[in-house]
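Read off the chains here:
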Amino acid sequence: MHKNQLNDSVLVSNYISGNERSLEILIGRHKQRIYSFIYSKVLDRDISEDIFQDTFIKVINTLKKGNYNEEGKFLPWVMRIAHNLVIDHFRKDNRMPSFKNTDEFDIFSVLSDSSLNAEKALIKDQIHSDVRNLVEELPEDQKEVLMMRIYRDMSFKEISEQTGVSINTALGRMRYALINLRKVIEKNNIILTN
């Protein structure tokens, strides 16, 4: 069998066993998909290149330490690393909206591309898993917009078209969903993880 035809898990095992070329094949195989994902979030070629490099430095370090879990698929695992590094980039860059303990919420902070990372960080990555159950308690219209935006990566224009409400209404529902979530989080004393 030609090396390029080997599946990802065989290539990962070969690389861990000392075959450096296996990693080159893996990077070549997935570069476009991973780079495109990073670029779609940061919209800057230089920053995308940096994050892409950092992603594979982390991949190499994890594989060399023997911490890679074979149960997971290679590409989704690398995409998760890339996604976390994108969030780190926005956090360092102070571009993530700050969520203060008030009812005030800057509606424009959910308009830009970078805000999607903030919302994901808030709801998917940075909050105790209990919050996912709390989402179910939101009013149906707020939950619908929040699920479309966070879990399906839909734009507010797409949400507006699919639900038949104006973009402003969709934005308003997202705003109230986040406010309500924050109230529930505070009421339940759920600790946000750093």
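For the structure, see preceding data.
Residues numbered from 1 in each chain as written. Predicted model: local features only at pLDDT ≥ 70, side-chain atom pairs only at ≥ 80, totals over all residues. Heavy atoms only, no water.

Q: Help me understand helix α8 (residues 156–163), please; the structure alone is not making it clear to me.
A: Side chains that are three or four residues apart share a direction in an α-helix, a result of its 3.6 residues per turn. Inspection of α8 places F156, I159 and S160 among the buried residues, and these make up the whole buried set. Each buried residue of α8 sits inside an arc of 100° when the element is viewed along its axis, so together they form one side. Facing away from the buried surface of α8 by more than 90 degrees, the exposed residues are K157 and E161. Residues of α8 that are buried in the fold lie against α7 (140–150) and α9 (167–187). Immediately downstream of α8, the backbone of G164 shows phi near 75°, a positive value. (Buried < 20%, exposed > 50% of the residue type's maximum accessible area, 1.4 Å probe, protein only. Helix = DSSP H or I, 4+ residues; strand = E, 2+ residues; numbered from the N terminus. Arc of directions from axis to C-beta. Contact = heavy atoms within 4.5 Å.)

Q: How do you make sense of the pattern of salt bridges when you look at a structure like this?
A: Where charged atoms of side chains with opposite charge meet at close range, the side chains can pair. Following the criterion strictly, the structure yields six salt bridges and no others. A salt bridge links E20 to K64; the shortest N-O distance between them is 3.5 Å. Separated by 44 residues along the polypeptide, E20 in helix α2 (residues 20–42) and K64 in helix α3 (residues 45–65) bring together distant segments of the chain. Classification of K64 as exposed rests on a relative accessible area of 55%. In this structure, the salt-bridge partner of D141 is R173, at a minimum N-O distance of 3.5 Å. (Salt bridge = Lys/Arg side-chain N within 4 Å of Asp/Glu carboxyl O.)

Q: Just checking my understanding: could you explain the environment of V59 for this structure?
A: Counting through the fold element by element, V59 comes out in helix α3. For V59, a relative accessible area of 0% corresponds to the buried category. In this structure, the C-alpha to C-alpha distance between V59 and F74, residues 15 residues apart in sequence, is 9.8 Å. Apart from residues no more than four positions distant in its own chain, V59 is found in contact with F74, W77, V78 and I81.

Distances and angles like these do not, on their own, reveal function.
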